[in-house]
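Summary of structural features
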Amino acid sequence: MEEGLLADVAGLNVPSLIPKNEDLAHVLEVLCTTGYGAWIVGGAVRDCILGELPKEYDICTTATPEQVIESFEDTIPTGIKYGTVTVKSGNSMFEVTTLRTEAGYGDGRRPDEVEWGSSLRIDLSRRDFTMNAMAYDYARELLHDPFGGKSDLENGFLKAVGDSSQRLSEDGLRIMRAYRFMDRQKKGIWLPDSDLSSALIDNRAMLAMVSIERVWNELSRIINGVNANIVLSRMNDDGVLPAIIGFPLPKEVFPRLAKLPDDLEARMAILFSGLSANDITVILERLKVPKAVFSRVKFLHFLIHNSPKQTELRLYRNALGAEVLTHSILKEALGENNDLIKKSLEYPSEVDCLVNGEWIMERTGLEPGIKLGRLKDWLFRIQIERGYNDLSQMETALCTVPWANGDPNDWPRPKWP
Ligand code: ATP
Ligand code: MG
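Here's a quick rundown of the structure.

The rules behind these values
Residues numbered from 1 in each chain as written. Chains lettered and ligands numbered in written order. Predicted model: local features only at pLDDT ≥ 70, side-chain atom pairs only at ≥ 80, totals over all residues. Heavy atoms only, no water. Helix = DSSP H or I, 4+ residues; strand = E, 2+ residues; numbered from the N terminus. Buried < 20%, exposed > 50% of the residue type's maximum accessible area, 1.4 Å probe, protein only. Polar contact = N/O pair within 3.5 Å; in protein donor to acceptor, adjacent residues only side chain to side chain. Salt bridge = Lys/Arg side-chain N within 4 Å of Asp/Glu carboxyl O. Phe/Tyr/Trp six-rings, centres within 6.5 Å; stacked < 30°, edge-to-face > 60°. Lys NZ or Arg CZ within 6 Å of the ring centre and 35° of its normal.

With that settled, consider the environment of Thr34. Tracing the backbone shows Thr34 in the loop between helix H1 (22-33) and strand E2 (38-41). Look at Thr34 and you get partly exposed, because its relative accessible area is 45%. Considered as a pair, Thr34 and Ala63 are 29 residues apart in the sequence and their alpha carbons are 9.3 Å apart. Polar contacts involving the side chain of Thr34 include one to the main-chain carbonyl oxygen of Val30, which spans 2.5 Å.

Right, let's talk about the pattern of salt bridges for a bit. Under the counting rule described, the total for this entry stands at 26 salt bridges. In this structure, the salt-bridge partner of Lys159 is Asp152, at a minimum N-O distance of 3.3 Å. You can call Lys159 partly exposed: its relative accessible area is 29%. Relative accessible area serves as the criterion here: at 4%, Asp152 is assigned to the buried category. We note a salt bridge from Glu218 to Arg180, for which the minimum N-O separation is 2.5 Å.

Now for the packing of aromatic side chains. By the definition in use, this model includes six aromatic pairs. Here Phe129 and Phe181 contribute two aromatic rings whose centre-to-centre distance is 6.0 Å and whose plane-to-plane angle is 75°, an arrangement assigned as edge-to-face. Here Phe181 lies in helix H7 (residues 173-182) and Phe129 lies in the loop between helix H4 (120-125) and strand E7 (135-137), a separation of 52 residues in the sequence. An identical accessibility class is assigned to Phe129 and Phe181; each is buried. For the ring pair Trp378 and Trp411, a centre distance of 5.2 Å and an interplane angle of 40° mean the geometry is tilted. Note that Trp378 is positioned in helix H20 (residues 370-386) and Trp411 in the segment after helix H21 (391-400), a separation of 33 residues in sequence. Trp411 sits in the buried class, given a relative accessible area of 7%. Through a chain of ring-to-ring contacts, the aromatic side chains of Phe299, Phe302, Tyr316 and Trp416 assemble into a single cluster. One residue, Arg184, lies across the ring of Trp190, its end atom 4.2 Å from the ring centre.

It is worth stressing that arrangement in space is one thing and function is another; only the former is reported here.
See the structure below:
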């Protein structure tokens, strides 16, 4: 394979670090053949050193964004302002970013100005943690690791590139990234060094400068992590979680997370189990969580504080469907009795309504309209509650229902609670 421009930083020979990947090799080959420097950089290098298959490959290059666009047939100017062009190769997409030498972080979010550079060393020094500040020269099989990221990875240390406090104050999102990277999933926890540990506490106010969407993106990944109990408890103690949600959470909620599967909303419901429904609404609105997350967290929080009665089990099972299992897990995590919840699993979750509008019209003389619709709902409720499965039972049910009187809007529906 063609060798591109040589990096301005020493490299260590590490053969075959990156698994064979034709689409990736093609992008690197095109850039290198044209005389540019091109390296695999960041998360993919980190993951490969850990022996994990990267989810994506980012490439950095000495080519300017315009030159990248000219070099390939299929490109998307994804983040052209920051030098990023997405290149399509085969069935894959690669983010190709021009090396930068950017100056100033006036707003604590993004560099004020981005200048294209040709120094891999400077580009790597702009990255957040030593394990994310490595690049790989695919053709020469050289690992460029000026900050000792490989050894930090092997020792399980999370370290900032350069002065931790300065790096966190440049970009508050790095605080969230630090906590996310602490969770090594099945491999345990990466401990930040003492410099980074205290910088996380000292710079927590920087989070206010970061858009809540980006904070939420990281927070949701942290909550779903295998070791979320440890990481979130640390964020709570460090004052970082309070900086995000407005106040600290009681300590006892964190160990409960360890008993839950990676179900984001269930975990959030447990985290917020001691708060009022109102407080939760305020937090979720503040975090600008997606609508589906919002309503499910609210519902699961309701379930935490409400269980079905013995007489309601069939209706409850029918109304909740698969969410009964979540309810059961939540109660178990809280150390509360879930016998009735489990018992409801004996009843069907999907029931078809035995009667239709015509059947009711023939027997009642009702015309289509609200009364007919609500009577059907009422009968369906009775069918579920009593476990009826044939029409003769429904005939009996209809006889017991005083449908001729009253306001149909008040009639029972097949709902729980
Ligand atoms: P993931 O596995 O979540 O993709 P990642 O480290 O690859 O983790 P990306 O957001 O894809 O995260 O970023 C790619 C690389 O860009 C990182 O490895 C890091 O080198 C650099 N980077 C990302 N965000 C920042 C930041 N806020 N500050 C400095 N460098 C960053
Ligand atoms: Mg990545």
